[in-house]
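Fold and geometry: a report
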Amino acid sequence: MPMERGKYQAMLDRETWDYIHDVERWFPPDILDRPVDEQRKVYDAMCRAFHADRPSGVRAMDIAIPSADGPVRMRRYFIPDGSSSVVVLYFHGGGFTFGGLDSHDDICAEICAGAGLAVISVDYRLAPESLHPASFRDAVAAYRWLGDQDVAILLCGESAGGNLAAAVAHAARGDRHLLGQVLIYPDLGGQAGSGSYLEHAHAPLLSLADLAVYRSIRTGGVMNHQDPTLWPLQDSDFSRLPPTVVVTAECDPLSDDGRNYTGRLTAAGCRAYWRNEPRLTHSFLRSRRTVRRAQAAFEAILADTSALAKGSWPY
């Protein structure tokens, strides 16, 4: 209804609104009041509906690696006879509550094809069954296992996965295998009292209220805002971090996390670039096939990923 769109009526184009409506058809207004397992069924069904075919030539293989907390499942995407020694370690979105190897399967496959790189997607543990730091520990275990293969690692993640990618980068700072990171509309732990958190508190597809719910689920309601494994933006040390590209959406309460994070990096002498994609919303990667702005943003992400893999700084 136009009356419900508010300022976003003019900010977002018809293609984006069509995408928003397609997503909202899957989620009833009371979805956050329902049991988590029921929410997951709805989320998984939506992901299947949006899933695109893997690009021709991309192969996938499921694997599991040992860790101190038990096996961590992963999916490796590759192009047979591919020559790059760089691997993208990818962490999916879903508010630390939803998602897995299938929910972002097509996105990972397209990164593999578009950037010409092997991609490994991590099926980290979800809340509320496994509270923080479970997902972080799984992410670190995946990074260390991949480092033991003596390959260069490019961290990548969207939303909750962007948080994990950054947290791993901070934990692994200075490691010779860490080539860079690409963070896509990440939740890095900004304080919800100013800037985009207020300006876009009621943005489509992710509101400030939604964000508060997912953060509470992840932590069981106990949040230590000085814990960099939980909130990378709150780390006291931003030195020796790898070249970083952060891509956010203008109509998203999290957009200032990207601006503030790259600001902290550059102040510490690290290479960092923030791109705030105009007139897009949180989760725009899922609309890359139908929304031209999202397609262009995804192509820019692929170009950034490819450049970082070659050791080049695109900015």
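See the structure shown above.
One structure accompanies this document, and this report is about it. (Residues numbered from 1 in each chain as written. Predicted model: local features only at pLDDT ≥ 70, side-chain atom pairs only at ≥ 80, totals over all residues. Heavy atoms only, no water.)

Broken down by element type, the protein carries 11 helices and 8 strands. Taking 315 residues into account, the globule formula puts the C-alpha radius of gyration at 20 Å, and the protein, at 18 Å, falls close to it. Taking the principal axes of its C-alpha atoms as reference, the protein extends roughly 55 × 45 × 40 Å. Counting every position in the protein, which comprises 315 residues, the buried fraction comes to 56%. Summarising the internal contacts of the protein: among those between residues at least 6 apart in sequence, 74% fall at separations of at least 24. (Helix = DSSP H or I, 4+ residues; strand = E, 2+ residues; numbered from the N terminus. Rg over C-alpha atoms; globule rule 2.2 N^0.38 Å. Buried < 20%, exposed > 50% of the residue type's maximum accessible area, 1.4 Å probe, protein only. Contact = heavy atoms within 4.5 Å.)

Our focus in this paragraph is the nonpolar core. The biggest cluster of nonpolar side chains holds 41 residues, and the ones touching the most others in it are Val119, Phe284 and Leu285. Among the elements that line this core, the one with the most residues is helix H11 (residues 292-309), at 7 residues. Filtering out sequence-adjacent residues up to four positions away, Phe284 remains in contact with Tyr185, Val247, Thr248, Ala249, Glu277, Ala294, Ala297 and Ile301. One finds Leu155, Ala169, Leu233 and Phe238 within the second-largest nonpolar core, a separate group that totals 40 residues. (Core = buried A, V, L, I, M, F, W, Y, C linked by side-chain atoms within 4.5 Å.)

Another aspect to go through is unusual backbone geometry. A cis geometry characterises the amide bond from Ala127 onward to Pro128, with omega recorded as 5 degrees. With respect to the element layout, Pro128 can be found in the loop between strand S4 (118-123) and helix H6 (134-148). In the segment running from His132 into Pro133, the intervening peptide bond is cis, with an omega of 15 degrees. With respect to the helices and strands, Pro133 occurs in the loop between S4 and H6. Non-glycine residue Tyr185 carries a positive phi angle of around 30 degrees. Along the chain, the position of Tyr185 falls in the loop between strand S6 (178-184) and helix H8 (196-199). Residue Tyr185 is classed as buried on the basis of its relative accessible area, which comes to 1%.

In this section: the environment of Val88. Relative to the elements of secondary structure, Val88 occurs in strand S3 (residues 86-91). Through-space distance from the C-alpha of Val88 to that of Ala152 is 8.7 Å; in sequence the pair is 64 residues apart. When neighbours within four sequence positions are excluded, Val88 is seen to be in contact with Leu117, Ala118, Val119, Ile120, Leu154, Cys156 and Thr305.

Our focus in this paragraph is the sheet that holds strand S1 (residues 59-65). Pairing between sheet strands relies on hydrogen bonds along the backbone, with the strands arranged either parallel or antiparallel. With mixed pairing, the 8 strands of this open sheet are ordered in space as S1-S2-S4-S3-S5-S6-S7-S8. Of all strands in the sheet, those bounded by a partner on one side alone are S1 and strand S8 (272-281). Each strand of the sheet is rotated relative to its neighbour by a mean of 20 degrees, with strand direction disregarded. As judged from the 5 bridges shared by strand S2 (residues 72-78) and S4, these two strands associate in the antiparallel manner. Within S4, the residue paired with Met74 across the bridge is Val122. (Pairing = 2+ DSSP bridges. Axes fitted to C-alpha atoms, helices over the stretch in contact; angles between N-to-C directions.)

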